[in-house]
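# Survey of secondary and tertiary structure
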Amino acid sequence: GDDILLFDIAKKEVVSKVQFANCLNTYWSSTMNYVALVAKNMIMICTNELKPLCSTKESAKIKCGSFDSESGFIYSTNSHIKYLLFTDKMQYTVEHLNNSGIFKSIDNPVYV
């Protein structure tokens, strides 16, 4: 699989890494405490030290996303606007079931 690296430019060293295949986009929360790694059909929420908190897999292509707060990530697919709730107290496992759902069904893609 592919690794996402957090690199300290001043020290010229890798600080941490997380395995996440085919990452297309990253979205940072406004406080820079969390990052969402987004592939075509997968989202993984991590801390700013790349500790995985939760993930979700979609059947449709993920268009874009944005952090709503320090505990929510909103994203869109071709037919839905969805949310993913998380907390830094979550214990991540590959089979981790998260708090996610649909805000609204849509006819055309929306970019949040």
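Scroll up to find the structure.
The sections below set out a description of the structure shown in this document. In this text the structure is predicted, and so the values were computed from the model without any measurement.

## Points about the pairing of strand S3 (residues 25–28)
Of the pairings in the sheet, the one linking S3 to strand S4 (residues 34–38) comprises four bridges and is antiparallel in character. Bridging from a neighbouring strand, Tyr 27 pairs with Ala 36 of S4.

## As for the sheet that holds strand S8 (residues 72–77)
Spatially, the four strands line up as an open sheet ordered S7-S8-S9-S10, and their pairing is antiparallel. Each edge of the sheet is formed by a strand with only one pairing partner; in this case those strands are strand S7 (62–67) and strand S10 (99–105). Neighbour-to-neighbour, the strand axes of the sheet open up by a mean angle of 25°, direction not taken into account.

## Quick look at unusual backbone geometry
Residues other than glycine seldom take positive phi values, yet Lys 12 does so here, at roughly 55°. Here Lys 12 lies in the loop between strand S1 (3–8) and strand S2 (13–19). One non-glycine residue, Leu 50, lies in positive phi territory at about 65°. Considering the arrangement of structural elements, one finds Leu 50 in the loop between strand S5 (42–47) and strand S6 (52–57). Relative accessible area serves as the criterion here: at 6%, Leu 50 is assigned to the buried category.

## Observations regarding the pattern of salt bridges
Taken as a whole and judged by the stated rule, the model has two salt bridges. Where Lys 17 meets Asp 3, a salt bridge forms, and the shortest distance between an N and an O atom there is 3.8 Å. Residue Lys 17 is located in strand S2, and its partner Asp 3 is located in strand S1; the two are separated by 14 residues in the primary sequence. Residue classification places Lys 17 among the exposed residues on the basis of a relative accessible area of 54%. Taking the relative accessible area as the measure of exposure, Asp 3 reaches 39% and is therefore partly exposed. One salt bridge in this structure joins Glu 58 and Lys 82, with 2.6 Å as the shortest N-O distance. Of the two residues, Glu 58 is situated in the loop between S6 and S7 and Lys 82 in strand S9 (residues 80–85); the sequence distance between them amounts to 24 residues.

Rules of the game
- Residues numbered from 1 in each chain as written.
- Predicted model: local features only at pLDDT ≥ 70, side-chain atom pairs only at ≥ 80, totals over all residues.
- Heavy atoms only, no water.
- Pairing = 2+ DSSP bridges.
- Helix = DSSP H or I, 4+ residues; strand = E, 2+ residues; numbered from the N terminus.
- Axes fitted to C-alpha atoms, helices over the stretch in contact; angles between N-to-C directions.
- Buried < 20%, exposed > 50% of the residue type's maximum accessible area, 1.4 Å probe, protein only.
- Salt bridge = Lys/Arg side-chain N within 4 Å of Asp/Glu carboxyl O.

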